[in-house]
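# Fold and geometry: a report
One letter stands for each residue in the lines below.
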Amino acid sequence: MKVTVFGMGYVGCVTAACLAKEGHKVTGIDIDATKIELINSSQSPIMELGVGEMIAEGVSNGRLCAAVSAECLGEISLVCVGTPSNENGSLDFQQLLRVCEGIGQLLKTADSYHVVNIRSTVLPGTVESLIIPLLQEKSGRKAGSDFGVCMNPEFLRESTAVKDFYHPPFTIIGALDRSSAQVAAGLYAGISAPMEIVPIKVAEMIKYACNAFHALKVSFANEVGNLCKVMGIDSWQVMDIFCKDTKLNLSPYYLRPGFAFGGSCLPKDLRAMMHLAKQKDVELPVLGAVLASNQLQIERAYMLIKRTGKMKVGILGLSFKSGSDDLRESPTVALVERLIGKGYRVAIYDDDVSLPEIRGKNRLFIERILPHVASLMSSSLTEVVENAEVLALCKNHEQFRAIAGTTNPKTFLVDLVRVLENGKQVSSPYEGICW
């Protein structure tokens, strides 16, 4: 394809060089004349392993050239300009908007279908609220019919960017329509990686989710290391063993948005770790924020119920997870306590919890913290569902999924664990806690 890459900084330069090597006809655009001269003289304007050789090859075979401005558009434009931070943390869109304004002007006279593909990192909603309206205003044409728009985030790391381009974990294309997606996907026909065609906002968000998690991992490891050091423990040995657990530690487990965590281990061990750090005068701000964040998720669940304006609440699932009768530090127990304290009429169903059979510390917890739990629990799922004005889905049981589809259309469904994917399969008002 004929490709125009706007912005020949780090991302744009690597992208242009790799696409030229893949056989595309690439024109790189940048207002910095020095960069343009370097590229056209077969030199790389950035320091990155392999890029210089690919630029020289692309210029030599005529697949790569550069210019300070674009005279026309080919099949697809890749916008790779920077979106630096302002002092308050917001993004500076000056370069991005200037480039898109110019593309809009070129679209006005384009005689064939063209796709504008955003590679710059932008916050969710930017493409739909800023970029598409600007392109339509300057071109006088309509996105989705007259031209296409995609969001195609990059995942290139400095010093390994070429390898990352050819061996990405996935290729994400957020597309306005199917035609846009097909054109953008054609760029990566030679790349062996899973391709995800998603809504534009999902594509915008995934880049931030990835980078935030990467930063979180670094901070987590550092805080564990800082505590290990004052205890005389080899932090590298600890984390080396930690990383060998691909069932829980390095896996999709625990990475599904939903309700708060609970149980007899996680809250207790976090508190103990924070107490130890305090004794050793070690600050652990990331780990110290976890329990507060967890409490906010319980508050979020309560507010979803409160906003319905209804007072009769059915709770489906009470223990902290499916297949367990452990109520200790169950977030649902905390939610029930909050509801009762605010005057709600609560009924609970959980076939994992049989009060006469509960023993040991779990029993002591119920007698001390929830002495009234027996009066709230019902052995009839149907009875709880039929009498509820609001139904809170707190455990992901198949029977809850089945009965949710048969509820009264006036019953509000508050889904805390994604029992239902998006609520479209039910006639009742539906709200997911994180979706």
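Attention in this report is confined to the structure presented alongside it. As the structure is a computational prediction, the values presented were derived from the model and not from experiment. (Residues numbered from 1 in each chain as written. Predicted model: local features only at pLDDT ≥ 70, side-chain atom pairs only at ≥ 80, totals over all residues. Heavy atoms only, no water.)

This paragraph deals with the overall build of the chain. When helices and strands are counted, the chain shows 17 helices and 13 strands. On the principal axes, the C-alpha backbone points of the chain span a range of 80 × 60 × 40 Å. Counting every position in the chain, which comprises 435 residues, the buried fraction comes to 45%. Just so you have it, the chain exposes about 22400 Å², and 54% of that area is on carbon and sulfur atoms. Distance between charge centroids for the chain: 5 Å, based on 44 positive and 46 negative side chains. (Helix = DSSP H or I, 4+ residues; strand = E, 2+ residues; numbered from the N terminus. Buried < 20%, exposed > 50% of the residue type's maximum accessible area, 1.4 Å probe, protein only. Areas by Shrake-Rupley, 256 points an atom, 1.4 Å probe, with all protein chains shown as cover. Lys, Arg positive; Asp, Glu negative; His and termini not counted. Charge placed at Lys NZ, Arg CZ, Asp CG, Glu CD.)

What follows covers the packing of aromatic side chains. Counting across every chain of the model gives seven aromatic pairs. Ring centres of phenylalanine 165 and tyrosine 166 lie 5.3 Å apart, and the angle between their planes is 75°; this geometry places the pair in the edge-to-face category. Residues phenylalanine 165 and tyrosine 166 agree in their burial class; the two are buried. Relative to tyrosine 344, the ring of tyrosine 302 has its centre 6.2 Å away and its plane inclined at 85°; by these criteria the two rings are edge-to-face. In this pair, tyrosine 302 is assigned in helix α12 (residues 290-306) and tyrosine 344 in the loop between α13 (331-341) and β10 (345-349), connecting sequence segments 42 residues apart. Residues tyrosine 302 and tyrosine 344 agree in their burial class; the two are buried. By the ring-pair criterion, three or more aromatic residues cluster together here, those being Phe165, Tyr166 and Tyr188. Sitting over the face of the ring of phenylalanine 155, lysine 207 holds its NZ or CZ atom 6.0 Å from the ring centroid. (Phe/Tyr/Trp six-rings, centres within 6.5 Å; stacked < 30°, edge-to-face > 60°. Lys NZ or Arg CZ within 6 Å of the ring centre and 35° of its normal.)

Before going further, it helps to examine the environment of lysine 163. In this structure, lysine 163 sits in helix α6 (residues 161-166). Residue class for lysine 163 comes out exposed when judged on its relative accessible area of 58%. Measuring from C-alpha to C-alpha, the distance between lysine 163 and threonine 4 comes to 22 Å, with 159 residues separating the pair along the chain.

Turning next to the sheet that holds strand β5 (residues 115-118). Strand order in this open sheet of eight strands is β3-β2-β1-β4-β5-β6-β7-β8, and the pairing throughout is mixed. In the strand order of this sheet, the two ends are held by β3 (64-67) and β8 (195-198), each with one partner. The average angle at which neighbouring strand axes cross in this sheet is 25°, direction not considered. Note that strand β4 (residues 76-79) and β5 share four bridges and pair parallel. The partner of serine 77 across the bridge, within β5, is valine 116. Strand contacts of helix α5 (residues 126-139): β5 and β6 (148-151), with the helix running at about 150° to β6, the strand carrying the most contacts. (Pairing = 2+ DSSP bridges. Axes fitted to C-alpha atoms, helices over the stretch in contact; angles between N-to-C directions. Contact = heavy atoms within 4.5 Å.)

Glancing now at a nonpolar patch on the surface. There is a patch of nonpolar side chains on the surface, built from Val230, Met231, Ile233 and Val238 and spanning about 290 Å² of accessible area. With respect to the helices, strands and loops of the structure, methionine 231 is situated in the loop between α8 (200-230) and α9 (235-242). (Patch = residues over 30% accessible without salt bridge, like charges linked within 9 Å, V, L, I, M, F, W, Y side chains within 5 Å. Salt bridge = Lys/Arg side-chain N within 4 Å of Asp/Glu carboxyl O.)

As for its position among the elements, lysine 268 is in helix α10 (residues 266-279). Given the relative accessible area of 46%, lysine 268 is considered partly exposed. Spatially, the C-alpha atom of lysine 268 lies 39 Å from that of proline 168, the residues being 100 residues apart in sequence.

This paragraph deals with the packing of helix α1 (residues 10-21) against helix α3 (residues 51-61). The interhelical angle for the contact between α1 and α3, taken along N-to-C directions, is 50°, at an axis separation of 9 Å. The orientation of α1 with respect to α3, classified from their angle, is oblique. In the packing of α1 onto α3, the handedness of the crossing is left-handed. Seen from α1, the contacting residues are Cys13, Val14, Ala17, Cys18 and Lys21; seen from α3, they are Val51, Met54, Ile55 and Glu57. Tallied by class, residues from the contact of α1 with α3 come to seven nonpolar, no polar and two charged. (Parallel < 35°, antiparallel > 145°, perpendicular 65-115°, else oblique. Left-handed = near helix turned anticlockwise from the far one by under 90°. Nonpolar A, V, L, I, M, F, W, Y, C, P; charged D, E, K, R; others polar.)

Let's shift gears to the pattern of salt bridges. Following the criterion strictly, the structure yields 15 salt bridges and no others. A salt bridge links glutamate 101 to lysine 138, with the shortest nitrogen-to-oxygen separation between them at 3.7 Å. With glutamate 101 in helix α4 (residues 94-108) and lysine 138 in helix α5, this pair connects stretches of sequence that are 37 residues apart. By relative accessible area, glutamate 101 is classed as partly exposed at 34%. In this structure, the salt-bridge partner of aspartate 240 is lysine 244, at a minimum N-O distance of 3.9 Å. A relative accessible area of 46% means that aspartate 240 is categorised as partly exposed.

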